[in-house]
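# Summary of structural features
Letter by letter, the chains look like this.
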Amino acid sequence: MPKESPGKPRILATRRMMPDVEHRMKSIFQATLNEEDRPMDRSEILERAARHDGLLVTSFDKLGPDFIQNLPASIRIIATHSVGYDHLSIPQAEARGIAVTNTPGVLTEATADIAMLLMLGAARGASWGDRMVRENRWGETTLTSPMGHDVSGQRLGILGMGRIGQAVARRARAFGMSVRYHARQQLPTDQTHGARYFKRLEDMLPDCDFLSINCASTPETRGMLNASMLSLLPTGAILVNTARGDIVEDEAVIQALKTGQLAAAGLDVFRNEPNIDPRYRQMDNVFLLPHLGSATPATRSAMGHKCIDNLEQYFRGERPTDLLTTPRETCLDLHTA
Ligand code: DGY
């Protein structure tokens, strides 16, 4: 535990963060940092939360309704070091008057870069090509084998056209791709980089050589890419996912990769990560990354500072910029008490 400094909010961070972020944490809060970066399970977080006013958590921490229900009364805010918040029960936090914030806007470009990497890596055989060199199998290359798939000039469908989807569309245009998107709402044209809107996902899929998943994981999108949806893609399409693993049905993706319905997939996120479906590891036509979407120093630092900004605003009695929960007077009043 840090030395008591009366008046400073006590914040428990569940994972190690960038040094500049931890430095600022220590200067403005009574911060309990996880300097050894030892993963804590839910019961340990709950136990340690008792001596704190706020939590700074990550998307690794699966904090469902039971966890939030059992949090000590001292906890008034949870700042998640992620844009996604499917690992947290927002309704339960609202029911308890606990504020929740996230980090939108600062990981857009880094995540869109990874979406392009996945498209290129899956299509052009980055993982099997890399393996061939390492295993000294270069001699097996001929003019006709192995072969990847074109990216430039192909048709890209984007599922979810928020900040990250739009940043992917912008990049894809530079590759001469023709872009279409499906989202709940059609966006103003100045946000779509020439992408064509499809109100129904079913109508867009037959028109996609590549499909990039960029929507949030919600009750509506979980399991959305199932066998019947995947069967609507043209044979040999390529799927990439930088959003959340549970938006796809693994069984359907794996079967589609086996039959050639999908030529390849590039995956940065997985259901139940890091314990992913082991069959992915055996497949040559997948390009796998360990959830690196936001993993650059500048991006992780910006995410950490956004968490701190939100915590500071909250404890000053202001509405945090990235508040996800519906504000209740009690949230803000509690601090000044
Ligand atoms: C996010 O911020 O949601 C990224 O996926 C990291 O969890």
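Residues numbered from 1 in each chain as written. Predicted model: local features only at pLDDT ≥ 70, side-chain atom pairs only at ≥ 80, totals over all residues. Heavy atoms only, no water.

## Quick notes on the pattern of salt bridges
Per the stated rule, a full pass over the model turns up 29 salt bridges. For Arg 10, the salt bridge identified is with Asp 53, shortest N-O distance 2.9 Å. Of the two residues, Arg 10 sits in strand S1 (residues 10–13) while Asp 53 sits in the loop between helix H2 (42–49) and strand S3 (54–57), which places them 43 residues apart along the sequence. The partly exposed category is assigned to Arg 10, whose relative accessible area is 24%. Across the salt bridge formed by Glu 35 and Lys 26, the nearest N and O atoms sit 3.7 Å from each other. (Salt bridge = Lys/Arg side-chain N within 4 Å of Asp/Glu carboxyl O. Helix = DSSP H or I, 4+ residues; strand = E, 2+ residues; numbered from the N terminus. Buried < 20%, exposed > 50% of the residue type's maximum accessible area, 1.4 Å probe, protein only.)

## Quick notes on the domain arrangement of the chain
Domain boundaries in the chain define domain 1 (10–106 + 296–333) and domain 2 (108–288). Contacts between domain 1 and domain 2 engage 7 residues on the former and 6 residues on the latter. For the pair domain 1 and domain 2, the summed buried area comes to about 560 Å², and 49% of that belongs to carbon and sulfur atoms. Between domain 1 and domain 2 we count 1 salt bridge in total. Taken together, the links from domain 1 to domain 2 amount to 2 residue pairs in polar contact (both at pLDDT 80 or more). (Domains from an automatic or database assignment. Contact = heavy atoms within 4.5 Å. Buried area = accessible area lost by both parts, 1.4 Å probe. Polar contact = N/O pair within 3.5 Å; in protein donor to acceptor, adjacent residues only side chain to side chain.)

## Section: empty space enclosed by the protein
All chains considered together, the criterion is met by 2 cavities of 30 Å³ or more. Size it by volume and the second largest cavity reaches roughly 30 Å³. In this structure, the second largest cavity is lined by Gly 121, Ala 122, Gly 125, Ala 126, Ser 127, Trp 128, Asp 284, Asn 285, Val 286 and Phe 287. Elements with a contribution of two residues or more to the lining of the second largest cavity: helix H5 (108–124), helix H6 (126–134) and strand S12 (286–288). (1 Å grid on protein atoms, 1.4 Å probe; cavity = no way out; pocket = protein on both sides within 12 Å on 5 of 7 lines; lining within 4 Å. Points joined across faces, edges and corners; volume = space filled by probe spheres on them.)

## As for the packing of aromatic side chains
Summed over all chains, the structure comprises 3 aromatic pairs. Where Tyr 181 meets Tyr 197, the ring centres are 5.1 Å apart and the plane angle is 45 degrees; that geometry is what we call tilted. Here the residue Tyr 181 occupies a position in strand S7 (residues 178–182), and Tyr 197 occupies one in strand S8 (residues 196–198), the gap between them amounting to 16 residues. Given the relative accessible area of 18%, Tyr 197 is considered buried. Each ring, one from Phe 270 and one from Tyr 280, has its centre 5.9 Å from the other, and the planes form 65 degrees; the classification is edge-to-face. A residue pair is termed long-range when its members are at least 10 positions apart, and Phe 270 in the loop between strand S11 (262–267) and helix H11 (279–282) and Tyr 280 in helix H11 qualify at 10 residues. (Phe/Tyr/Trp six-rings, centres within 6.5 Å; stacked < 30°, edge-to-face > 60°.)

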